[in-house]
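Coordinates in review
Residues per chain, in single letters:
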Amino acid sequence: TAVLAAVQDLPRLQPALREGKPVVVRMGLTIRYPNPPPSKRYTTGPNRVYAYAEQMPQLLTGGGGAAIVTAIQQHLEYPAAARAAGVAGRGYVRFVVGADGKVRDAQVLQGIGHGCDEAALAAVQQLPEFRPGRQNGCPVAVAYTAPLLFGI
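The paragraphs below set out a description of the structure included in this document. Note that the coordinates shown come from a computational prediction; the quantities given were computed from them, not determined experimentally.

**Side note on helix α5 (residues 116-125)**
For α5, the complete set of buried residues consists of Cys116, Ala119, Ala120, Ala123 and Val124. The buried side chains of α5 occupy one side of the element, clustering within an arc of 135 degrees when seen end-on. Residues of α5 that are buried sit in contact with α3 (64-75), α4 (80-85), β5 (89-97), β6 (103-110) and β9 (138-150).

Here you go:
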């Protein structure tokens, strides 16, 4: 209804002419609404965590998901107990990158035991600060799941 009122309030236009005679012309209009600031447009609760966001979290150095896994693997120490027992395999960790860019709530989704699960959590806690994920232009908390390789 606001659009119709705006169109009806337009001043009367002079007709288009072709060879001195008025002709019908179709005109397209672009009507832009003022955007409210992000805080009014979208609110996030302190406990809301997204599985996926329009812009996913990234390390400040960039590189996407592969860079995140590489950063975790660089800090990952293969435990002596696991090495002695010949334990190797793939585990999965889940963590949240908060709207402030800090890593929190790390947990092992699928572990392989023998100290590898604790090593995985320790490696995740050593991650640097992130550029947070964004949804509708606002920074939001996003959950991230990473595969980790032990002794492979």
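Moving on from the model shown.
**Concerning the layout of surface pockets**
Quantified by volume, the largest pocket comes out at close to 160 Å³. Forming the walls of the largest pocket are Leu13, Gln14, Pro15, Ala16, Val23, Val24, Val25 and Met27. Per-class residue counts for the lining of the largest pocket are 7 nonpolar, 1 polar and no charged.

**Remarks on the pattern of salt bridges**
Pairs may arise between side chains of opposite charge once their charged atoms sit close together. The tally for this structure, following the rule as stated, stands at 1 salt bridge. Arg104 serves as the salt-bridge partner of Asp105, at 2.7 Å between the closest nitrogen and oxygen.

**Digging into the nonpolar core**
Judged by nonpolar contacts, the single largest core of 23 residues is most densely connected at Ile72, Phe95, Leu127 and Phe130. Contributions of two or more residues to this core are made by α3, β5, α5 and β9. Examining the composition of this core, we find that 5 residues originate from one element, α5, more than from any other. Apart from the residues lying within four places of it in its own chain, the contact partners of Phe130 are Pro57, Gln58, Leu59, Leu60, Ile68, Phe95, Val97, Gly101 and Val103.

**Here's the deal with the packing of aromatic side chains**
One pass over the structure, following the stated rule, counts 2 aromatic pairs. Between Phe95 and Phe130, the aromatic rings sit 6.4 Å apart at their centres with planes inclined by 50 degrees, giving tilted as the arrangement. Here Phe130 lies in strand β7 (residues 130-131) and Phe95 lies in strand β5, a separation of 35 residues in the sequence. Residue class for Phe95 comes out buried when judged on its relative accessible area of 0%. Given the relative accessible area of 2%, Phe130 is considered buried. Summarising the aromatic geometry, the rings of Phe95 and Tyr144 are spaced 5.5 Å apart at their centres and angled 40 degrees between planes, so their arrangement reads as tilted. Of the two residues, Phe95 sits in strand β5 while Tyr144 sits in strand β9, which places them 49 residues apart along the sequence.

**Some words on a nonpolar patch on the surface**
A cluster of nonpolar residues, Leu13, Val23, Val25 and Met27, forms a patch on the protein surface that exposes about 400 Å² of accessible area. Structurally, Met27 can be placed in the loop between β2 (21-23) and α2 (38-41). Accessibility expressed as a relative area gives 60% for Met27, which makes it exposed.

Cut-offs applied
Residues numbered from 1 in each chain as written. Predicted model: local features only at pLDDT ≥ 70, side-chain atom pairs only at ≥ 80, totals over all residues. Heavy atoms only, no water. Buried < 20%, exposed > 50% of the residue type's maximum accessible area, 1.4 Å probe, protein only. Helix = DSSP H or I, 4+ residues; strand = E, 2+ residues; numbered from the N terminus. Arc of directions from axis to C-beta. Contact = heavy atoms within 4.5 Å. 1 Å grid on protein atoms, 1.4 Å probe; cavity = no way out; pocket = protein on both sides within 12 Å on 5 of 7 lines; lining within 4 Å. Points joined across faces, edges and corners; volume = space filled by probe spheres on them. Nonpolar A, V, L, I, M, F, W, Y, C, P; charged D, E, K, R; others polar. Salt bridge = Lys/Arg side-chain N within 4 Å of Asp/Glu carboxyl O. Core = buried A, V, L, I, M, F, W, Y, C linked by side-chain atoms within 4.5 Å. Phe/Tyr/Trp six-rings, centres within 6.5 Å; stacked < 30°, edge-to-face > 60°. Patch = residues over 30% accessible without salt bridge, like charges linked within 9 Å, V, L, I, M, F, W, Y side chains within 5 Å. Areas by Shrake-Rupley, 256 points an atom, 1.4 Å probe, with all protein chains shown as cover.

Just geometry here; none of it tells us what the structure is for.
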